[in-house]
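Spelled out from the first residue to the last, the chains are:
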Amino acid sequence: MTDARTPAAGSPDNAPGAGLAADQAAIETVFREEFGRVVATLIKRFGDIDLAEEMAQEAFVEALQRWPRDGVPPNPGGWLTTTARNRGIDRLRRESHREAKHEAAHHLYGEEQDMPVAPVTSVNDERLRLLFTCCHPALATDAQVALTLRLLGGLTVPEVADAFLVPERTMAQRITRAKRKIKAANIPYRVPRDADLPDRLKGVLATIYLVFNEGYLPQSGEHAIRTDLCHEAIRLGRVLRDLMPDEPEVAGLLALMVLTESRRTARVADDGLLVPLDEQDRTTWDRTLIDEGHDLVRWCLQRNRPGPYQLLAAVNAVHTDADSVEETDWRQIVALYDQMYAVSPTPVVALNRAVAVGEVDGPAASLAIVDGLALDSYHPFHATRADLLRRLGRTDDARAAYDRAIELAANPAEIAFLTRRRDALTAGENPAG
Amino acid sequence: MTQYMLSVMGREGDPQPSDAEVQQIYQRVDAFNQKITAAGIWVFGGGLHEVSTSTVVDGTGTDVVTTDGPFSEAKEFIGGFWVLEAPDLDAALKLAAEASQACGDPVEVRPFIDEAQFLAEHGIDA
């Protein structure tokens, strides 16, 4: 990583270099995992997002100086929180010539200097507060996602910008504007009351899923998968499930994410190529995550209040239930997509349904549906068409469709996969089937 | 507490309400006003005459220029407003929803600058 928070590691007492590199990577991992907790705890304490963020950053710089020398402390999150809090108190004291801040600093310094770090459960509550604040409907969706990634996920602004293919400056402005609105408009730092929860929850679920998808299928950068984003989204999903154990869509989203995640290592080959579902080595799928996902889906079925996340999770449950693509219950998947289309009649749902139809009724039936969809700028549409045309032996049409899909795709593993398929066509290696 | 302005957004070409409708709107708005007054959060508010009654005064140049009509040629305009106090944006949005239902137009919610905070941010000693 090359950003503002690393230079501190270059100080002379951090030599030798080889050991340092490993330490630095480990510290960055810890930091990424702890950032949301630290920031959430500090916002609660100081009531100021900017201050919380800056102090968390400073604590990290200090960790980069100390930990390679002294070792990572047993409770790194607690260490970071205490260090950041003390820095924040120092900052407020320095600025205490203004009367209001003087009072705040006096209060904080006098009473909280030696207070132990709050236990984990209340930190989780803080993170939820922060999540609902970041996902407040008064903020634009892109700002919600950006704030969540920055403040809860601990991504740097350049990383968030990179994740969404916008210039760093644009993303910095977007985040600054959003934080300014939270402060000026007094967007509350709390989990909404029961009556408001269902509405507000939709935005939170959508944001978490966007984070997950950005990790699962990054649209830019050299990485085929951003494991950290997937893990962050799942972690947020688990926190949400702990707090709202009776919400079927919360369980549905968590199930969807863990079932998708269970196949992650099988999904990209060593050479960086995307491995399609029918070619994946199913023995490498993560059984623990699959079991967790299936339990959640069963729980949802008992509730009988299906929503879009639960239905997608159910589709993934059918996939992860089968030992091979042939043993997959495709009729069940078509039925689930039928249900989804009834709730959300979008061309993307229709496209996914058509793929399943192709497995039940053959590629011609599937292509007839696909050709009727207005999705010309959506690369999975062209990738799906290309595959169907290939299976029907229409090589020239398939090649054109692959070309269009490659042109529109952004993920490197996907591009590599589509290119391989197209080139295999040229070499005549794909008989109609 | 934060002070918010709730602006009633009228749109050019909106149908003119009948007298009976106007009466209903007045009753609903009056009930809303009484409610926020009783709650102690009313600061100020009122309805405005139509846009054609406005005059713009521009003193930013060497001469003061006075012109007939609104400042911007926007298709939307402020028909009236409330200034009220609410503990946070969620509370203000709830009130705005009631206000919008009462007056029959969309309502824009905007926070007032907190003077002490503004002065501190800009390094101005009070």
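Everything numeric in this text was worked out from a predicted model, so none of it was measured. Residue numbers run consecutively from 1 along every chain, following the written order of its sequence. Here every chain gets a letter starting at A, and every ligand a number starting at 1, in the order they are written. Under the rules for a predicted model, residues below a pLDDT of 70 receive no local features and side-chain atom pairs below 80 are neither given nor counted, while totals for whole chains, interfaces and linings still include all residues. For side-chain calculations, the full set of non-hydrogen atoms in the structure is used, while hydrogens and water are omitted.

Observations concerning the overall build of chain B
Per the convention used, a helix needs a DSSP run of H or I reaching at least four residues, while a strand needs a run of E reaching at least two, with both numbered from the N terminus. Along its length, chain B carries three helices and six strands. Taken from the N to the C terminus, the helices and strands of chain B come in the order β-α-β-β-β-β-α-β-α. Judged by the C-alpha coordinates and their principal axes, chain B covers about 50 × 40 × 20 Å. Working definition: with a 1.4 Å probe on protein chains only, accessible area under 20% of the residue-type maximum means buried, over 50% means exposed, and in between means partly exposed. Here chain B holds 126 residues, and 25% of them are scored as buried. A sequence separation of at least 24 residues applies to 77% of the contacts in chain B between residues at least 6 apart. Per-residue accessibility takes into account occlusion by the displayed protein chains alone, with areas from the Shrake-Rupley method and a 1.4 Å probe. Split by element, the accessible area of chain B, about 8500 Å² in all, is 55% carbon and sulfur. Lys and Arg are tallied as positive, Asp and Glu as negative. Neither His nor the chain termini are counted. Charge placement uses NZ in Lys and CZ in Arg. For Asp and Glu, CG and CD serve respectively. For chain B, the distance from the average site of its 6 positive side-chain charges to the average site of its 21 negative ones is 10 Å. The contact criterion used is simple: two residues touch if any of their non-hydrogen atoms lie within 4.5 Å.

Some thoughts on the interface of chain A and chain B
How big an interface is tends to be expressed through the accessible area that disappears when the partners come together. Facing 14 residues of chain A, the contacting portion of chain B comprises 14 residues. In total, about 1000 Å² of surface goes out of reach between chain A and chain B, with carbon and sulfur atoms giving 41% of it. We define a salt bridge as a contact between a side-chain nitrogen of Lys or Arg and a carboxyl oxygen of Asp or Glu at a distance within 4 Å. For the pair chain A and chain B, the interface holds four salt bridges. Across the pair B:Asp90 and A:Arg190 runs a salt bridge whose closest N-O atoms are separated by 3.6 Å. Here the quantity called buried area is the total loss of accessible area, with a 1.4 Å probe, experienced by two parts when brought into contact, counted for both.

Observations concerning helix α11 (residues 248–261) of chain A
Taking 1.5 Å of rise per residue, the 14 residues of α11(A) would be expected to cover 20 Å, and the 20 Å separating its terminal C-alpha atoms lies within 8% of that figure. Within α11(A), 14 of the 14 residues are buried, which leaves the element mostly enclosed by the surrounding structure. Here the expected length of a helix is defined as 1.5 Å per residue gap, with one fewer gap than residues.

Quick notes on unusual backbone geometry
Excluding glycine, residues mostly carry a negative phi; peptide bonds, for their part, are mostly trans. Residues and elements named next belong to chain A. The backbone of Asn-186 sits at a positive phi, close to 60°, despite the residue not being glycine. Note on placement: Asn-186 falls in the loop between α8 (168–184) and α9 (197–216). Backbone geometry at Asn-304 places phi at a positive 55°, although glycine is not the residue there. Relative to the elements of secondary structure, Asn-304 occurs in the loop between α13 (287–303) and α14 (308–321).

Comments concerning the environment of A:Glu279
Residue and element names in this part refer to chain A. Mapped onto the fold, Glu-279 is located in the loop between α12 (264–267) and α13. Each C-alpha atom of the pair Glu-279 and Glu-53 lies 44 Å from the other, and the pair is 226 residues apart in sequence. With residues up to four places along the chain from it excluded, the contact list for Glu-279 reads Arg-420 and Arg-421. Polar contact criterion, stated in full: a pair of N or O atoms within 3.5 Å, where within protein one must be able to donate a hydrogen and the other to accept it, and residues adjacent in sequence count only if both atoms are side-chain atoms. At 2.9 Å, the side chain of Glu-279 and the side chain of Arg-421 are in polar contact.

Some details on the pairing of strand β3 (residues 55–58) of chain B
Residue and element names in this part refer to chain B. Think of it this way: DSSP has to see at least two bridges between two strands before they count as a pair. With four bridges joining them, β3 and strand β4 (residues 65–68) adopt antiparallel strand pairing. Looking across to β4, one finds that Thr-55 is bridged to Asp-68. As consecutive antiparallel partners, β3 and β4 are separated by six residues.

Examining a nonpolar patch on the surface
Residues and elements named next belong to chain B. Where nonpolar side chains cluster on the molecular surface, the patch consists of Ile-113, Phe-118 and Ile-124 and spans about 280 Å² of accessible area. Relative to the elements of secondary structure, Ile-113 occurs in the loop between β6 (107–111) and α3 (115–121). Assessed through its relative accessible area of 62%, Ile-113 is described here as exposed. What goes into a patch is any residue over 30% in relative accessible area without a salt bridge, connected to like charges within 9 Å or, for nonpolar side chains (Val, Leu, Ile, Met, Phe, Trp, Tyr), within 5 Å.

A closer look at the sheet that holds strand β1 (residues 2–11) of chain B
Residue and element names in this part refer to chain B. Strand order in the open sheet formed by four strands is β2-β5-β1-β6, with antiparallel pairing between adjacent strands. Strand pairing shows two members of the sheet lacking a second neighbour, β2 (42–47) and β6, which therefore form its edges. Across the sheet, the mean angle from the axis of one strand to that of its neighbour is 20°, orientation sign disregarded. Under this scheme, a helix contributes an axis fitted over its contacting stretch, all axes are lines through C-alpha atoms, and angles between N-to-C directions fall in the 0 to 180 degree range. Together, β2 and β5 (76–86) form the strand contacts of helix α1 (residues 19–38), whose direction differs from that of β5 by roughly 25°.

Topic: the side chain of A:Arg150
Residue and element names in this part refer to chain A. Within the secondary structure, Arg-150 sits in helix α6 (residues 141–152). Since its relative accessible area comes to 6%, Arg-150 is described here as buried. Only 2.7 Å separates the side chain of Arg-150 from the side chain of Glu-53, close enough to count as a polar contact. If we ignore the near neighbours within four places in the chain, the residues touching Arg-150 are Phe-35, Glu-53, Gln-57, Leu-155, Thr-156, Val-157, Val-160 and Ile-175.

Thoughts on the confidence of the model for chain A
Each residue gets a pLDDT score, which is the predictor's confidence in that residue and runs from 0 to 100. For chain A, the mean per-residue pLDDT works out to 84, and 85% of the residues sit at or above 70. Below a pLDDT of 50 lies the segment residues 110–120 of chain A, which in the model reaches 14 contacts outside its immediate sequence neighbourhood of four places, other chains included.

What about the confidence of the model for chain B?
Residues and elements named next belong to chain B. Summary statistics for chain B give a mean pLDDT of 91 and a share of 99% for residues scoring 70 or more. β6 holds the highest mean pLDDT among the elements of chain B, 96, whereas α3 holds the lowest, 80. With pTM at 0.76, the complex prediction returns an ipTM value of 0.86.

Considerations on a negative patch on the surface
Residue and element names in this part refer to chain A. The grouping of Asp-278, Asp-321, Asp-323, Glu-326, Glu-327 and Asp-329 at the surface amounts to a negative patch. On the secondary structure map, Glu-327 appears in the loop between α14 and α15 (330–343). Classification of Glu-327 by relative accessible area gives exposed; the value is 53%.

Description of the packing of aromatic side chains
Residues and elements named next belong to chain A. When the centres of two rings from Phe, Tyr and Trp lie within 6.5 Å, Trp using its six-membered ring, the rings pair. Their planes under 30 degrees apart give stacked, over 60 give edge-to-face, and anything left gives tilted. Across all of its chains, the model carries seven aromatic pairs over all chains by this definition. The interplanar angle of 70° and the centroid separation of 5.1 Å between the aromatic rings of Phe-31 and Phe-35 together place this pair among those described as edge-to-face. Linking Phe-31 with Phe-35, this pair stays in helix α1 (residues 17–46), spanning four residues, or about one helical turn. The exposure class of Phe-31 is buried, given its relative accessible area of 3%. Aromatic side chains Phe-31 and Phe-60 sit 3.9 Å apart centroid to centroid with 40° between the ring planes, which places their arrangement in the tilted category. Taken together, the positions of Phe-31 in helix α1 and Phe-60 in helix α2 (residues 49–70) put the pair 29 residues apart, joining distant regions of the chain. There is no split in this pair, since Phe-31 and Phe-60 are both buried. Three or more aromatic residues joined by ring pairs form one cluster here, namely Phe-31, Phe-35 and Phe-60. Our definition puts a charge over a ring when NZ of Lys or CZ of Arg is within 6 Å of the ring centre and also within 35 degrees of the ring normal. One residue, Arg-263, lies across the ring of Trp-285, its end atom 5.8 Å from the ring centre. Positioned over the ring face of Tyr-216 is Arg-267, at 3.8 Å from the centre of the ring.

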